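Here is what each chain is made of, one letter per residue.
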Amino acid sequence: MDRLVRTNTRIAIATAAALWLMPADAVMQQGKPDFSGLWVGSATGLVPDQQGNVTFLQQARPCHPGQECKPGINFERDSGVRQRMSPNLPLYKAEFWDKVQDLDVNGNFKDPEIKCYPPGLPRIGAPSKIVQTANEIIFLYQTHNTFRVIPIDGRAHDPIRSQDLTYYGDSVGTWDGDTLVIDSVGFTDESWLAWPGYFHTNNMRIVERVRREGNALIWQATVHDPEVLMEPWTMNPVRRTLNPDPKAMLVEDLPCEDRDAEHIATRERG
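Conventions used here
- Residues numbered from 1 in each chain as written.
- Predicted model: local features only at pLDDT ≥ 70, side-chain atom pairs only at ≥ 80, totals over all residues.
- Heavy atoms only, no water.
- Phe/Tyr/Trp six-rings, centres within 6.5 Å; stacked < 30°, edge-to-face > 60°.
- Helix = DSSP H or I, 4+ residues; strand = E, 2+ residues; numbered from the N terminus.
- Buried < 20%, exposed > 50% of the residue type's maximum accessible area, 1.4 Å probe, protein only.
- Disulfide = S-S within 2.5 Å.
- Pairing = 2+ DSSP bridges.

Novice: Sorry, what's going on with the packing of aromatic side chains here?
Specialist: The description of two aromatic rings rests on the distance between their centres and on the angle between their planes. Applying the stated criterion across every chain yields a total of seven aromatic pairs. Seen in terms of ring centroids, tyrosine 92 and phenylalanine 199 are 5.2 Å apart; in terms of plane orientation they differ by 25°. Their pairing is stacked. Separated by 107 residues along the polypeptide, tyrosine 92 in the loop between helix H3 (73-84) and helix H4 (97-105) and phenylalanine 199 in the loop between strand S6 (179-185) and strand S7 (205-213) bring together distant segments of the chain. Phenylalanine 199 matches tyrosine 92 in its accessibility class, with the two residues each being buried. With centroids separated by 6.5 Å and ring planes inclined at 75°, the aromatic side chains of phenylalanine 139 and tyrosine 141 adopt a geometry described as edge-to-face. You can call phenylalanine 139 buried: its relative accessible area is 0%.

Novice: Teacher, can you tell me more about the state of the cysteines here?
Specialist: Throughout the structure, instances matching the rule amount to one disulfide. The side chain of cysteine 116 participates in a disulfide bridge whose partner is cysteine 256; the two sulfur atoms lie 2.0 Å from each other. Judged by the torsion about the S-S bond (-75°), the cysteine 116/cysteine 256 disulfide is left-handed. Taken together, the positions of cysteine 116 in the loop between helix H5 (107-110) and strand S2 (129-132) and cysteine 256 in the segment after strand S10 (238-242) put the pair 140 residues apart, joining distant regions of the chain.

Novice: Just checking my understanding: could you explain the pairing of strand S8 (residues 216-224) for this structure?
Specialist: Both faces of the sheet carry side chains from a regular strand, because those side chains alternate between them. Burial within S8 is extensive, with seven of its nine residues counted as buried. Where S7 hands over to S8, the hairpin turn is made up of two residues, of which glycine 214 adopts a positive phi near 65°. Direction of pairing for S8 relative to S10: antiparallel, over a ladder of four bridges. Residue alanine 216 lies in a different strand from S10, and its bridge partner there is threonine 241. Of the strand pairs in this sheet, S8 and strand S9 (residues 233-234) are connected by two bridges, and their pairing is antiparallel. The partner of valine 223 across the bridge, within S9, is tryptophan 233.

Dropping the structure here:
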């Protein structure tokens, strides 16, 4: 019995010493999921091969016989119809539907992303890569080589940055069990929620929920903008798969150049 007590005492002392010497990040992360990694794909069923490559094939409606049709034309048209007819759309107050329709019809000329403006949140979607520490989580996006640094140490919104008008707002994260909840405020109204003319105000608030299921990352955002929306809009969840290749890296996004807008001759988008 004396030997057992001494052994347990030694183990307890050794454990305490290890925790004391362990970096703060490792201690504070105990019990919480680690989202670090490169996350690929946004469609269900995408599984990287042993080299970390992902293959995604889609079929488009064929063209009518005799119709001059370049590859991808019908795919873009059908995609636009499907997205506009989705059962999950933001519900704008009646007085704003004419504005939404005008922005949608003339999106090739009025969409801020066409003019090389940042897509903003939540339009940019789920992160491509995540780096996580005890006090903050970093979202990296291949789109426009974008990054977000989000505190997760329980702090409140910064009183100054939360009043700024930026494309990604001032974000802070908290834990709801194993789900990371990110609250963002302080937005410019120059971005859109999505390409069919879904605008927002600078009083918009975004709540993102991020969780992990094995090697899958599930990201979902809810838009709160009572000035123009009848109710909060919860977007469809995005599911991404962890790339197992430890050498996998993001490919640099090429600079966006606003040089073709004046030559656009069609209103078709998708």
